[in-house]
Structure formats: C-alpha cells, structure tokens
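# A structural walkthrough
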Amino acid sequence: MPIGPKYSGVTESVLFLLETVGEDVIRSVPRLFYKWRAIEKLAEGKTADEALLLAERFAATTAFAHGLAFCRAVESICGADVPTRARVLRVFLAELERLRQHAGAIQEICESTALVVANSQAGILEEDLLRISGELTSHRYLFGLLVPGGLLCDLSNDACRKALGQSQRALKQLNELEQRLRVSSSFLDRLEEVGFIALRDANAYGLLGPVARASGLVRDLRRAQPYLGYENFDFDVPSEQEGDGYARLRVLFAEARQSVRIMEQAVVALQSGAIHEPIQVRAGVALGWVEAPRGGTFHWVRLTDDGRIARYRIVPPSFANWHGFHLGVEKFAFQDLPIILSTLDLSVAENDR
Amino acid sequence: MFNRILFNLFQVVVVLAFAPLVSGVLSRLKEIVQSKRGPSILQPYRDLWKLFHKDEIVSEESSWIFRFTPYIVFVTPIFVALLIPVLTNYPLFFAFMGDMLGGGFVLSLGGFFAALAAVDTANPYGPMGASRTRMVGFLAEPVFMIVFFTVSLVAGSTIPYIVQEKWVTPLANFFAPSHVLLVLAFLMLILAEGGRIPVDNPTGHFELAMIDESKSLEYSGRGMALMKWGGHDASSRNRARS
C-alpha cells in the first residue's frame with residue numbers, strides 16, 4: 001500500500017510503502033528526500049552571516065534551534081565570548097520556541113485522533129504562542145535574531161517579562177487541556193500501547209528528543225553537554241518508561257512545563273550589558289550542538305581563513321528519529337499510522353535539509 | 001387522489017432540497033463547538049453547484065459500474081422517499097410497493113453499488129474503504145434488525161405510517177421504556193451507518209483512516225456531485241427514520 005509522496009493534511013513530501021496483511025502493517029519503508037535542498041552544499045563558499053540565513057530557514061518550526069547550533073559552531077571556531085545577556089536571552093528564546101513547538105506537536109496528536117475540540121484548543125494555544133513570539137521579536141518563528149557573537153537586537157526586560165506572563169497563561173491552559181485529555185477514554189484508547197518503541201530499540205537506533213525520553217532513554221544535551229549556561233538553570237528532564245504514544249504525549253506536556261520554568265529563571269537572570277560581540281574570523285573546525293525541541297541537533301562547520309564556509313554538515317534530530325519510524329509503525333493497524341506519525345513528531349523538512 | 005400524488009412529489013422535492021441543508025447545519029454546529037466560525041450552512045449547495053460545473057475524469061481502466069453508480073446512489077434515496085412518509089401520517093401513493101424492509105433493501109442497493117464502484121477503480125484506497133464499510137455494516141445490521149423487528153412486532157405491522165401512529169398515540173407510548181431503549185439503539189446505528197465519530201471521521205483527510213470517504217475518492221465533477229447529494233439524502237433519511 002503506497003501513501004504519498006503527497007498525501008492529505010500534510011504539506012511535506014514523503015512516501016510510505018507499507019506491506020500489509022489485511023489492516024495490519026507488517027513492514028514499512030519511508031522514502032524521504034523528495035525536497036532535498038542541499039543546504040550544506042549551498043552554504044559552501046558563503047560567509048557565516050549568509051550561511052546563517054540557510055541554517056535558520058531549512059526547517060522553520062525549529063529555526064531558532066538550528067540557527068543557534070550554527071552560531072555556536074562559528075563562535076567556537078572564532079573563540080568568541082558571547083556576552084552574558086545574549087546567552088540568557090538565547091536561552092529564553094530557545095525555550096519559548098520549544099514551548100510553541102510542543103504545543104504544535106500536541107495539536108497534531110489531537111488532530112490525528114479526530115478529537116476536534118481539543119485539536120482547536122491546542123491550535124489556539126499554538127497560535128497564541130506564535131503571536132507572543134511575534135510581539136516580542138517581530139517574527140513569529142524567531143527568524144533573524146541570531147548572529148554569530150550574540151543577538152542582532154536587544155529585547156527589553158519589560159518585553160521579556162510580558163512575554164513570560166503570556167506564556168505562563170498559555171501554559172496554564174495547556175495544563176488544563178492535559179487534565180481534560182487524561183480523562184478522555186476514547187482519546188487514550190487511540191494512544192495507549194500504540195506505536196510502542198522499546199528502550200533497547202531506542203538505544204540501538206540512537207533516537208533523540210522527546211521520543212527517546214518517552215522510551216526511558218534520558219538524553220538531553222542541556223544536561224549532558226551544557227551550553228549557554230544551562231548548568232545554572234534548575235530544571236528536570238522529563239522521561240517515561242512505556243514508550244507508547246501516550247508516554248510521548250506526557251513527555252511533551254512535561255517538557256512544556258519545564259520550558260516555562262527555565263524562562264522564569266531566565267527573566268530573573270537578565271542583567272544589563274552588551275548583546276553582541278563582533279567576532280574575529282579565522283580558519284578552523286567546530287561542532288555546535290543544541291537540544292532542539294525535537295532532540296539533539298548538531299551543526300559541524302569548517303571555516304577558511306577569510307571566514308567562508310569550506311564544509312558544513314547538519315545532523316537534525318528528525319534524521320535520527322526517521323530511522324526509528326518503522327519500530328513504531330510495524331505490527332500496528334493502518335488507522336494507527338497517522339497517530340503514530342504525529343506522536344513521533346517527525347519533520348520531513350528538517351530531514352530533507 | 002390528486003392531492004396524494006402532489007404530496008408524494010412534494011416529499012421527494014423536500015428530501016432532495018433540504019438534505020444538503022441538514023449537512024450544512026450539522027457541519028456549522030460542529031465548527032462552532034470547536035470555537036471556529038465555520039462555513040455558511042449553504043456551503044453544501046455551493047459545493048454541489050461547483051461540482052456540477054466541473055469536468056469529470058473517468059479512468060479508462062474502470063468499467064460501466066463506475067459510471068453507473070453515481071446515478072444509483074442518487075436515485076435510491078428518492079425511491080425510499082416515495083415509500084416511507086416523512087411529512088404525512090397516511091400512506092403515500094407508492095406505499096403499496098414496499099414496507100420499511102423494502103426501503104432498507106433499496107437503500108442498501110446504493111451502498112452495494114458504491115462498494116462495487118470503489119473496488120472497480122484501481123485505486124488502493126477504494127477497496128479498503130469498501131471492505132471497511134461492509135465490516136461496519138455487518139456489525140451494525142443485527143442491531144438494525146432488532147430495532148426494526150421490535151417496533152414492527154409491537155405495532156403488528158411493517159408499514160411505516162402504521163408503526164409511527166402506534167408509537168405516538170397515545171403519547172405515553174412514545175416514552176415507553178422499550179421505545180426509549182430502541183431510540184438509543186437507533187442513535188448508535190446512525191453513528192455507525194452515517195460514518196460519524198467514533199466509528200468514522202467524515203472530516204478526516206488521512207487516506208488510511210477513512211471509511212466512507214475513500215470510496216468516492218476517484219469521482220470528480222458530476223459523478224462526485226451525485227455521490228455527495230445521494231449521501232446527503234441517505235444520511236438525512238436515516239435521521240428521519242427514527
């Protein structure tokens with residue numbers, strides 16, 4: 001049974017070849033890379049500022065995380081010391097993006113289970129968070145804020161506090177939504193024990209992000225390899241043991257709470273100061289890593305003497321998690337496929353970089 | 001006599017004209033529940049108008065069944081409208097031609113051809129939808145039989161208007177426990193046969209999760225319009241039956 005490369009409800013292109021017996025999926029072969037844009041090749045020969053535009057734009061939903069990983073790679077080549085205020089603001093924005101992206105993922109899960117009211121409620125929350133981001137930074141998806149060496153424009157403390165207050169209200173509504181979803185038996189029936197990924201498999205396939213953490217594989221780069229001063233923030237890394245769709249949903253809700261917790265601390269930690277330190281370009285190689293909303297993201301950059309990109313490699317979290325897609329889908333029924341797909345929160349655009 | 005024929009025709013016109021409106025009102029209500037504004041209640045009419053003015057594409061691989069089916073799906077609810085009274089409590093002109101059982105058979109003829117046409121196309125989703133619809137049908141049919149024969153047994157007849165009269169005069173009959181239970185069972189049936197949540201999701205777009213929708217995926221233009229209109233008719237008739 002072929003599905004795609006264009007199928008309804010999804011604006012991305014991916015083909016699934018499913019081997020089936022009746023309504024059960026026995027084997028699944030996802031075919032990706034229909035819209036491969038060769039970002040890594042395009043970036044070669046460009047300056048770091050130009051390449052940053054590419055890094056931010058290949059997957060808009062997690063633009064800030066990818067831009068941040070790229071900037072961090074360039075900064076560590078050039079030995080730049082990012083000012084404290086810029087670091088704290090970066091943390092604030094990265095967590096705002098995580099909160100918004102998780103609200104979007106929750107909306108997709110509700111949509112896939114045909115829970116129309118919850119779908120709208122989560123959709124409204126995602127839109128609220130997009131507007132909060134837009135009001136704070138003038139861009140709903142946080143484009144154009146980063147620059148190697150800091151941030152391009154300063155955000156006032158008052159604006160950050162306001163955005164935090166609005167985010168806290170959104171989180172409160174998200175918590176209420178979770179309480180209601182937890183008692184919707186028809187919703188839980190579709191999620192529980194569906195799309196099961198065992199800890200062993202998650203480990204063997206190197207899964208990342210909320211998907212791995214829902215299977216008991218607790219990996220978070222903010223903890224394992226702290227950056228931007230995450231070691232100074234107090235937060236938990238939520239994890240579940242079951243590895244099914246419901247566990248992944250619970251991890252998303254719990255991570256949204258942790259994000260707001262980090263944002264609260266970030267606003268308190270804001271000190272006045274510079275937000276940008278010009279970098280001195282030099283040749284070198286470095287890896288920039290970030291815990292993006294979908295999981296660990298790695299950008300590897302080699303710069304030439306005049307500060308142009310010689311080689312650039314991106315390992316997005318979806319690339320790793322697509323490897324585990326078949327683990328979730330096989331042995332389950334056709335109707336579960338959209339649900340499993342939404343709980344895995346895979347991005348095709350991120351993969352087709 | 002003349003009046004009766006007039007009423008008969010009137011009933012057909014009413015069913016044809018108002019069935020899309022029922023769908024429109026329902027979808028509007030659903031959108032309001034979701035805190036959305038929703039389309040106009042006249043949207044189904046506009047959709048039909050649009051489809052009738054579009055080109056039709058028919059696969060060369062398909063047989064006459066595929067071309068023939070939209071007409072059957074469109075016409076069978078009209079036949080039923082001739083048999084079973086919606087507006088009147090006296091027999092219609094053609095009532096002698098069949099009772100409620102007959103009406104059910106005529107309706108399932110449309111369903112049968114829709115399933116055949118879905119298998120007729122080489123589209124992989126069509127047969128899947130057809131077999132799923134049949135599966136739901138197998139599960140729902142015994143309930144339908146029990147509901148149907150219970151109301152008939154009490155009324156001592158399978159002629160719709162007699163059954164209807166029996167259950168509403170005196171009004172106390174309407175609230176009899178058996179009738180209340182039957183109405184509940186019938187509501188479940190409407191959910192199953194009308195392709196509503198939790199059995200099916202009529203607004204779902206994911207091809208794999210469809211039951212009813214995937215049968216008409218290959219239709220376009222006039223064929224699609226007839227399939228849709230027939231579907232509106234059949235579902236509003238279902239509601240009217242209770």
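Preceding this section is the structure that the text describes.
Scope of this entry: the structure provided in the associated data block. Here the structure is a predicted model, which means the values were calculated and not measured.

## A few points about the overall build of chain A
Along its length, chain A carries 15 helices and eight strands. Relative to its length of 353 residues, chain A is compact, with a C-alpha radius of gyration of 20 Å against a globular reference of 20 Å. Buried residues in chain A amount to 58% of all 353 residues. Partitioning the contacts of chain A with sequence separation of at least 6, the portion at a separation of at least 24 is 72%. Counting only carbon and sulfur atoms, one obtains 51% of the accessible surface of chain A, whose full area is about 13,900 Å². Distance from the positive charge centre (40 side chains) to the negative charge centre (45 side chains) of chain A: 3 Å.

## Some words on the overall build of chain B
Helix and strand counts for chain B stand at eight helices and zero strands. Element order for chain B, N to C, with α for helix and β for strand: α-α-α-α-α-α-α-α. Counting contacts in chain B only where the partners sit at least 6 residues apart, residues at least 24 apart contribute 72% of the total. Put simply, chain B shows about 13,100 Å² of open surface, and 71% of that area lies on carbon and sulfur atoms.

## Section: the sheet that holds strand β7 (residues 295-303) of chain A
Residues and elements named next belong to chain A. One open sheet holds the three strands; their spatial order is β6-β7-β8, and the pairing between them is antiparallel. Bordering the open sheet on either side are β6 (284-292) and β8 (309-315), each of which pairs with just one other strand. Between one strand and the next, the sheet's axes are offset by a mean angle of 15 degrees, whatever the strand orientation. Sheet topology note: the β7/β8 ladder contains six bridges and is antiparallel.

## Topic: the pairing of strand β2 (residues 15-21) of chain A
Residues and elements named next belong to chain A. Pairing of strand β1 (residues 2-3) with β2 involves two bridges; the strand directions are antiparallel. Counted as the bridge partner of I3 is F16 from β2. With seven bridges joining them, β2 and strand β3 (residues 24-31) adopt antiparallel strand pairing. Considered in β3, the bridge of L15 is made with R31. Between β2 and the antiparallel strand that follows it, β3, lie two residues; G22 among them carries a positive phi value of about 65 degrees.

## As for the nonpolar core
All names here are of chain A. Of all hydrophobic cores here, the largest spans 85 residues; its most connected members are F70, F92, I106 and Y312. A total of 14 residues in this core trace back to one element, the largest contributor, which is helix α4 (residues 84-112). Not counting the four nearest positions on each side in its chain, Y312 is found in contact with I39, E40, A43, A55, F70, H299, W300 and V301.

## What to know about the pattern of salt bridges
Two side chains that carry opposite charge are able to pair once their charged atoms sit near each other. Residues and elements named next belong to chain A. Summed over all chains, the structure comprises 27 salt bridges over all chains. Measuring nitrogen to oxygen at the nearest pair gives 2.9 Å for the salt bridge that ties R131 to E127. With R131 and E127 both in helix α5 (residues 116-137) and four residues apart, this pair spans about one turn of that helix. On the basis of relative accessible area, R131 is assigned to the exposed category, the value being 53%. With relative accessibility at 25%, the residue E127 sits in the partly exposed group. Residue R161 is joined to D158 by a salt bridge in which the shortest nitrogen-to-oxygen separation is 3.0 Å. A residue pair is termed a helical-turn pair when its members lie 3 or 4 positions apart in one helix, as R161 and D158 do in helix α6 (residues 157-182) at three residues.

## A closer look at the packing of α5 of chain A against α6 of chain A
Residues and elements named next belong to chain A. Close contact between α5 and α6 brings their axes to 10 Å; oriented N to C, the two are set at 170 degrees. With respect to α6, the element α5 is oriented roughly antiparallel. The segment α5 lies against α6, with A118, Q121, A122, L125, D128, L129, I132, E135 and L136 engaging A159, C160, K162, A163, Q166, S167, A170, Q173, L174, L177, R180 and L181. Of the residues belonging to the contact of α5 with α6, the class tally is 13 nonpolar, four polar and four charged.

## Notes on the environment of T69 of chain B
All names here are of chain B. Secondary-structure assignment places T69 in helix α3 (residues 64-83). Each C-alpha atom of the pair T69 and G103 lies 18 Å from the other, and the pair is 34 residues apart in sequence. The contact partners of T69, leaving out residues within four places of it in the chain, are F113, A114, A117, Y219 and M227. A polar side-chain atom of T69 sits 2.6 Å from the main-chain carbonyl oxygen of I65.

## A word on the side chain of D244 of chain A
Within the fold, D244 of chain A resides in the loop between α10 (221-224) and α11 (245-269). Aside from chain neighbours lying at most four places away, what touches D244 of chain A is L191, E192, E193, V194, G195 and F196 of chain A.

## Focus on the packing of α4 of chain A against α11 of chain A
All names here are of chain A. With their axes 9 Å apart at the nearest point, α4 and α11 run at an angle of 155 degrees to one another. It follows that α4 is roughly antiparallel to α11 by the angle criterion. The interaxial crossing formed by α4 with α11 has left-handed handedness. Taken together, the residues of α11 that come into contact with α4 (itself represented by V88, V91, F92, E95, L96, R98, L99, H102, A105, I106 and I109) are L249, L252, F253, E255, A256, S259, V260, I262, M263, A266, V267 and A269.

## Structural notes on the packing of aromatic side chains
All names here are of chain A. Taken as a whole and assessed by the stated rule, the structure comprises 16 aromatic pairs over all chains. Both rings, one in F16 and one in F325, keep their centres 5.1 Å apart while their planes meet at 25 degrees; by these two values the pair is stacked. With a gap of 309 residues between them, F16 in strand β2 and F325 in helix α13 (residues 325-329) connect regions that are remote in the sequence. Exposure class is identical for F16 and F325. Each is buried. Lying over the aromatic face of W289, R72 brings its terminal NZ or CZ to 4.8 Å of the ring centre. If you follow R222 out to its NZ or CZ, it ends over the ring of Y230, 5.8 Å from the centre.

## Description of the side chain of S152 of chain B
Residue and element names in this part refer to chain B. Position of S152 among the secondary structure elements: in helix α5 (residues 125-155). Overall, the relative accessible area of 5% leaves S152 in the buried class. Looking at S152, its side chain comes within polar contact range of the main-chain oxygen of F148, at 2.8 Å. With residues near it in sequence (within four places) discarded, S152 still touches M100, S157 and T158.

## Points about the environment of M1 of chain A
Residues and elements named next belong to chain A. Relative to the helices and strands, M1 is located in the segment before β1. Its relative accessible area of 23% is what places M1 among the partly exposed residues. Taking the C-alpha atoms as reference points, M1 and V25, separated by 24 residues in sequence, lie 9.4 Å from one another.

What counts and how
Residues numbered from 1 in each chain as written. Chains lettered and ligands numbered in written order. Predicted model: local features only at pLDDT ≥ 70, side-chain atom pairs only at ≥ 80, totals over all residues. Heavy atoms only, no water. Helix = DSSP H or I, 4+ residues; strand = E, 2+ residues; numbered from the N terminus. Rg over C-alpha atoms; globule rule 2.2 N^0.38 Å. Buried < 20%, exposed > 50% of the residue type's maximum accessible area, 1.4 Å probe, protein only. Contact = heavy atoms within 4.5 Å. Areas by Shrake-Rupley, 256 points an atom, 1.4 Å probe, with all protein chains shown as cover. Lys, Arg positive; Asp, Glu negative; His and termini not counted. Charge placed at Lys NZ, Arg CZ, Asp CG, Glu CD. Pairing = 2+ DSSP bridges. Axes fitted to C-alpha atoms, helices over the stretch in contact; angles between N-to-C directions. Core = buried A, V, L, I, M, F, W, Y, C linked by side-chain atoms within 4.5 Å. Salt bridge = Lys/Arg side-chain N within 4 Å of Asp/Glu carboxyl O. Parallel < 35°, antiparallel > 145°, perpendicular 65-115°, else oblique. Nonpolar A, V, L, I, M, F, W, Y, C, P; charged D, E, K, R; others polar. Polar contact = N/O pair within 3.5 Å; in protein donor to acceptor, adjacent residues only side chain to side chain. Left-handed = near helix turned anticlockwise from the far one by under 90°. Phe/Tyr/Trp six-rings, centres within 6.5 Å; stacked < 30°, edge-to-face > 60°. Lys NZ or Arg CZ within 6 Å of the ring centre and 35° of its normal.

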